[in-house]
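So you can see what is in the structure, the chains are spelled out below.
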Amino acid sequence: QDWLALKPQEPSPSQCCGSGCKPCIYDVYEKELAQWEKAKAQQDKSLLTEKKEQSNNSELSPDTFTAFTVSSVEQLTEDTYQYKFELPGNSSLRLSLGQHIVLRGVVNGLEVQRAYTPISPGNAEGYFEVLMKHGELLMLASGTGLAPMLPILQSITEDEEDETFVTLVGCFPTFDKVYLKPLLQDLSRYWNIRIFYVLSQETSLEKLPWSYQESTYAGRLDEDLVKTIINSCRRKPFVLICGSSTFNEDMSRYLKAAGIEENSCFVF
């Protein structure tokens with residue numbers, strides 16, 4: 001059981017950026033799996049740390065990831081940020097013109113990797129910088145109001161360059177009335193998509209499948225819950241609303257109370 005907990009987790013298709021990165025997240029997984037199998041066979045956990053010890057050098061390797069410290073984050077525009085990473089000593093990336101690097105991290109519990117071209121000079125010593133664009137969408141849908149949200153969600157997940165974070169809140173009477181569960185579950189596996197369910201006529205979540213329990217609320221989508229969800233976003237989102245006229249009016253009122261301006265909302 002102890003060794004099973006240390007076993008590398010196989011990536012899902014949504015975690016691969018599809019850009020032909022070297023190494024791909026699947027290449028890294030295969031290498032880590034082989035390392036785990038070797039360590040398990042020899043019952044030697046120290047073999048699992050070999051990669052980490054070897055990654056302290058200053059040169060990038062095409063075969064392994066190296067840990068770097070983020071020294072600063074500067075917001076350049078409403079949704080664009082400049083990240084500065086430290087390099088050991090006065091070392092430099094020594095990249096050729098047009099070369100990119102692959103950054104890996106954990107977002108929403110998923111390990112994600114993306115390719116970036118540094119904006120810092122190729123001979124910059126002791127640091128490198130990249131630009132990252134993080135849009136934020138909050139979708140509030142009631143019943144069939146889910147329909148116009150789906151094409152937007154799918155266009156985001158199908159575009160490898162789109163790094164928009166999306167939180168979809170679907171409101172339904174009961175769990176049985178939730179539309180398109182398999183599609184929604186597939187979308188929720190993407191690193192930048194969160195999906196919550198609010199069930200107005202469910203009094204208990206214990207009978208729900210365990211995979212839904214953490215992302216489901218019993219009751220109505222009220223002002224407090226809207227504020228809680230907005231506060232869980234990385235930045236103030238642009239909000240899309242679709243439901244009955246009463247639902248739309250209530251959501252607009254709750255959003256205003258949460259500090260979301262009218263020009264940051266769109267009602268279908």
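Because the structure is a prediction, the values reported are computed rather than measured.

**Here we look at the overall build of the protein**
Logical step 1: Looking only at helices and strands, the protein features eight helices and eleven strands.
Logical step 2: Going through the 268 residues of the protein one by one, you find that 42% of them count as buried.
Logical step 3: Sequence-distant contacts, at least 24 apart, represent 65% of the contacts inside the protein between residues at least 6 apart.
Logical step 4: When the accessible surface of the protein is split by element, carbon and sulfur atoms take 49% of a total near 15,300 Å².

**Brief notes about helix H5 (residues 181–188)**
Every α-helix carries 3.6 residues per turn, so stepping three or four residues along brings you back to the same face.
Logical step 1: Along H5, the residues classified as buried are Lys 181, Leu 184, Gln 185 and Leu 187. One face of H5 carries all of its buried residues, which in axial projection span an arc of 160°.
Logical step 2: Where H5 is buried, its residues contact helix H4 (149–158), strand E7 (165–172), strand E8 (193–199) and helix H6 (210–213).

**Quick look at the environment of Val 70**
Logical step 1: With respect to the helices and strands, Val 70 occurs in strand E1 (residues 70–75).
Logical step 2: Spatially, the C-alpha atoms of Val 70 and Tyr 83 are 6.9 Å apart, while their sequence positions differ by 13 residues.
Logical step 3: Among all residues touching Val 70, those that are not within four sequence positions of it are Tyr 83, Lys 84 and Phe 85.

**Some thoughts on the packing of H4 against H5**
Logical step 1: Two elements in contact, H4 and H5, have axes separated by 11 Å at closest approach and are oriented at 35°. The element H4 and its partner H5 pack so that their crossing is left-handed. Of the residues in H5, those in contact with Leu 150, Leu 153, Gln 154 and Thr 157 of H4 are Leu 183, Leu 184 and Leu 187.
Logical step 2: A class-by-class count of the residues in the contact of H4 with H5 yields five nonpolar, two polar and no charged.

**Some points on the sheet that holds strand E5 (residues 127–133)**
Logical step 1: Taken in spatial order, the three strands of this open sheet run E1-E2-E5, and their pairing is antiparallel. Only two strands of the sheet have a single neighbouring strand rather than two, namely E1 and E5. Direction aside, the axes of adjacent strands within the sheet are offset by 20° on average.
Logical step 2: One ladder, built from five bridges, connects E1 with strand E2 (residues 80–86); its direction is antiparallel. Among the inter-strand pairings, Gln 75 is bridged to a residue of E2, identified as Tyr 81.

**Here's the deal with the environment of Leu 95**
Logical step 1: Within the fold, Leu 95 resides in the loop between E2 and strand E3 (101–107).
Logical step 2: Of the residues examined, Leu 95 reaches a relative accessible area of 25% and is grouped as partly exposed.
Logical step 3: As a C-alpha pair, Leu 95 and Pro 121 span 26 residues in sequence and 9.5 Å in three-dimensional space.

**A word on the UniProt feature "binding site: FAD" (unreviewed entry) in the protein**
Logical step 1: Mapped onto this structure's residue numbering, the UniProt feature "binding site: FAD" (unreviewed entry) falls at Arg 114, Tyr 116, Leu 131 and Lys 133. The annotated residues occupy 20 residues of the chain but converge on a single region, no pair of C-alpha atoms lying more than 12.0 Å apart.
Logical step 2: Position of Arg 114 relative to the elements: it lies in strand E4 (residues 110–116).
Logical step 3: In this structure Arg 114 comes out as buried when scored by relative accessible area, which is 10%.

**Focus: the packing of aromatic side chains**
Logical step 1: Inspection of every chain in the model, using the stated rule, returns eight aromatic pairs.
Logical step 2: Plain terms: the ring middles of Tyr 197 and Tyr 212 are 5.5 Å apart, the flat faces sit at 55° to each other, and that makes the pair tilted. Separated by 15 residues along the polypeptide, Tyr 197 in strand E8 and Tyr 212 in helix H6 bring together distant segments of the chain. There is no split in this pair, since Tyr 197 and Tyr 212 are both buried.
Logical step 3: What links up through ring pairs into an aromatic cluster is the set Phe 68, Phe 85 and Phe 128.
Logical step 4: Taking NZ or CZ as reference, Lys 84 lies 4.6 Å from the ring centre of Tyr 127, over its face.

Rules of the game
- Along each chain, numbering runs from 1 in the same order as the chain's sequence is written.
- For a predicted model such as this one, the threshold for reporting local features is a pLDDT of at least 70, and the threshold for listing and counting side-chain atom pairs is 80 or more; totals across whole chains, interfaces and linings nevertheless cover every residue.
- Here the side-chain values reflect all heavy atoms present in the structure, with hydrogen atoms and water set aside.
- Counting from the N terminus, the helices are the DSSP runs of H or I reaching at least four residues and the strands are the DSSP runs of E reaching at least two.
- Using a 1.4 Å probe on the protein chains alone, a residue whose accessible area is under 20% of its type maximum counts as buried, one over 50% counts as exposed, and one in between counts as partly exposed.
- Contact between two residues is taken to exist if any of their heavy atoms lie within 4.5 Å; hydrogens are not considered.
- For the accessible areas, the method is Shrake-Rupley and the probe is 1.4 Å, while residue cover comes only from the protein chains on display.
- This arc is built from the directions going out from the helix axis to the C-beta atoms.
- To obtain each axis, a line is fitted to C-alpha atoms, and for helices this fit is confined to the stretch in contact; angles are then taken between N-to-C directions over 0 to 180 degrees.
- A crossing counts as left-handed when the near helix is turned anticlockwise from the far one by less than a right angle, and as right-handed when that turn is clockwise.
- Note on residue categories: nonpolar means Ala, Val, Leu, Ile, Met, Phe, Trp, Tyr, Cys or Pro, charged means Asp, Glu, Lys or Arg, and polar means any other residue, Gly included.
- Note on pairing: DSSP must find at least two bridges between two strands before they are called paired.
- UniProt positions are given in the numbering used here, feature names are shortened, and annotations may be inferred rather than shown by experiment.
- The pairing test for Phe, Tyr and Trp rings, Trp by its six-membered ring, is centres within 6.5 Å, and the orientation test on the planes gives stacked under 30 degrees, edge-to-face over 60, and tilted for anything in between.
- Here, a charge over a ring means that NZ of Lys or CZ of Arg falls within 6 Å of the ring centre while also lying within 35 degrees of the ring normal.

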